[in-house]
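Examining the three-dimensional arrangement
Chain by chain, the residues run as shown.
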Amino acid sequence: EGVGMGFDDLELFRDVDLTLRFGERIALVGPNGSGKTTLARLILGELQPLEGRVRLGSGVKLGYYAQEQEDLDPDTTPYEAIRTVAPLSETEARSFLHYFLFSGDEVFVPVGSLSFGERARLILARLVAQGCNFLLLDEPVNHLDIPSRSRFEQAMVGFPGTVLAIVHDRYFIEQFATGLWAIEGNRIRTYVNLEDMRRARRL
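All of the points below concern the structure found in this document. As the structure is a prediction and not an experimental result, all values here were calculated from the model.

Digging into the pairing of strand β5 (residues 134-138)
- The element β5 is extensively covered by neighbouring structure, given that five of its five residues are classed as buried.
- Burial of β5 is two-sided: the residues Phe134, Leu136 and Asp138 facing one way and the residues Leu135 and Leu137 facing the other way are all buried.
- Bridging between strand β4 (residues 62-65) and β5 involves four bridges; their strand directions are parallel. Opposite Tyr64, over in β5, you have Leu136 as the bridge partner.

Spelled out as structure tokens, the structure:
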């Protein structure tokens, strides 16, 4: 609501009035250095805006996905990683992980031996197991090859909550997003999809 943000003499954006509603999947786009990660940090509460306010709804539980994947223990397994954050039986844990495309003995493979795409799906699974109903994803498919991106998209399908994703990949945006927030100059504009944004920029 009325958010303005910048650093020293650099203004990133101002007069930002945006509402993210339950179940929406919004792609946040913009040039490098335009303020996408800064906006994410404002939503996380790690930064305070210079003006205006950022507010989460009372029932919102926010989960953050950082592309560095630094919060996974390489010595644990997907099975253990889920059971440390949720009180699930072995059957429940394996069934839950199946939704995120871990099947059979894959749930017992050490995290350090997983591919980047598999670790991405495990981070997503842990956030959902913790009860997060709003996921803030920072470049979730940035380092993934095309098959891994496809499997990450599949893993996202079963998530019923709200998503805001910083993302550059146009194919992923087209498959995933129900709307766009685009940082343009010092404004953040909303669009229905990529075609809507292209059309508006041609005018």
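Continuing now.
Regarding the sheet that holds strand β8 (residues 187-191)
- The mixed open sheet is built from six strands, whose spatial order is β4-β5-β6-β3-β7-β8. Of all the strands in the sheet, just β4 and β8 have a single pairing partner and so form its edges. Across the sheet, the axes of successive neighbouring strands diverge by a mean angle of 20°, strand direction being ignored.
- As paired strands, strand β7 (residues 179-184) and β8 are joined by five bridges and run antiparallel to one another. If you follow Glu184 over to β8, its bridge partner there is Arg187.

Calculation rules
- Residues numbered from 1 in each chain as written.
- Predicted model: local features only at pLDDT ≥ 70, side-chain atom pairs only at ≥ 80, totals over all residues.
- Heavy atoms only, no water.
- Buried < 20%, exposed > 50% of the residue type's maximum accessible area, 1.4 Å probe, protein only.
- Helix = DSSP H or I, 4+ residues; strand = E, 2+ residues; numbered from the N terminus.
- Pairing = 2+ DSSP bridges.
- Axes fitted to C-alpha atoms, helices over the stretch in contact; angles between N-to-C directions.

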